[in-house]
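# Notes for the structure review
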Amino acid sequence: MVSTPGIDVSVPPTGEGCVECDAAGGWWVHLRRCAQCGHIGCCDSSPAQHATAHARATGHTVVRSFEPGEDWFWSYETSSFIDGPELFPPASRPAGQAAPGPAGRVPSDWESHIH
Ligand SMILES: [Zn+2]
Ligand SMILES: [Zn+2]
């Protein structure tokens, strides 16, 4: 199999929530997974946009949706959706997990905080 730059199928995701939001007590709209190192970060609609911040800080160029039922990859290099292989499981956050999430940390006026 030809490997794609920015994608490592042998690395598991870091967890079930955004690494930085979980550390800071923050919340997110949707989750993205770095296809190279497994970092879970929050999407660009989220208040803190940690997935994109991670890509900028590390030079890792590809994220995959970490939402149940979504299997698209996004290349920051080309600003386009790309095809990618099956990554190390799990492929998404638990389906029962709230979005926006996590439950208990989303303010009632969350819609005024998103991008
Ligand atoms: Zn975050
Ligand atoms: Zn990464």
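In what follows, the accompanying structure is described. (Residues numbered from 1 in each chain as written. Chains lettered and ligands numbered in written order. Predicted model: local features only at pLDDT ≥ 70, side-chain atom pairs only at ≥ 80, totals over all residues. Heavy atoms only, no water.)

What follows is about the side chain of His54. By the element assignment, His54 lies in helix α2 (residues 50-58). What makes His54 buried here is its relative accessible area of 11%. Residues within four places of His54 in sequence aside, it is in contact with Cys34, Cys37, His39, Gly59 and His60. (Helix = DSSP H or I, 4+ residues; strand = E, 2+ residues; numbered from the N terminus. Buried < 20%, exposed > 50% of the residue type's maximum accessible area, 1.4 Å probe, protein only. Contact = heavy atoms within 4.5 Å.)

With that settled, consider the nonpolar core. In terms of nonpolar packing, the biggest core is built from 7 residues, these being Cys18, Cys21, Trp28, Leu31, Ile40, Cys42 and Phe66. Counting 5 residues, the second-largest nonpolar core is a separate cluster that includes Ile7, Ala35, Val62 and Leu87. (Core = buried A, V, L, I, M, F, W, Y, C linked by side-chain atoms within 4.5 Å.)

What follows deals with the coordination of the zinc ion (ligand 2). Here the zinc ion (ligand 2) is held by the protein donor atoms Cys34 (SG), Cys37 (SG), His54 (NE2) and His60 (ND1), which lie 2.0 to 2.3 Å from it. Classification of the site at the zinc ion (ligand 2) as tetrahedral follows from its 4 donor atoms and the range of 101 to 116° in their angles at the metal. Along the chain, the residues donating to the zinc ion (ligand 2) fall in the pattern C-x2-C-x16-H-x5-H. Placement of the pair is Cys37 in the loop between β1 (31-34) and β2 (40-42) and His60 in the loop between α2 and β3 (62-65), with a sequence separation of 23 residues. (Donors = N, O, S within 2.8 Å, 3.2 Å for Na, K, Ca; no water. Tetrahedral: all angles 85-135°; square planar, octahedral: opposite > 155°, others 65-115°.)

What follows is about the side chain of Arg33. Examined against the element boundaries, Arg33 turns out to sit in strand β1. Buried within the structure, Arg33 lacks any salt-bridge partner; its nearest side chain of opposite charge belongs to Asp8, at an N-O separation of 8.5 Å. Within the structure, the side chain of Arg33 is placed 3.1 Å from the backbone oxygen of Pro90, a separation counted as a polar contact. (Lys, Arg positive; Asp, Glu negative; His and termini not counted. Salt bridge = Lys/Arg side-chain N within 4 Å of Asp/Glu carboxyl O. Polar contact = N/O pair within 3.5 Å; in protein donor to acceptor, adjacent residues only side chain to side chain.)

What follows is about unusual backbone geometry. Between Pro89 and Pro90 the backbone carries a cis peptide bond, its omega angle lying at 0°. Examined against the element boundaries, Pro90 turns out to sit in the segment after β5 (80-82). Each neighbour pair has its own omega, and for Gly101 with Pro102 the value is -5°, a cis peptide bond. Counting through the fold element by element, Pro102 comes out in the segment after β5. Even without glycine at this site, Ser79 takes up a positive phi of about 50°. In this structure, Ser79 sits in the loop between β4 (73-75) and β5.

That is the geometry; function is a separate question.
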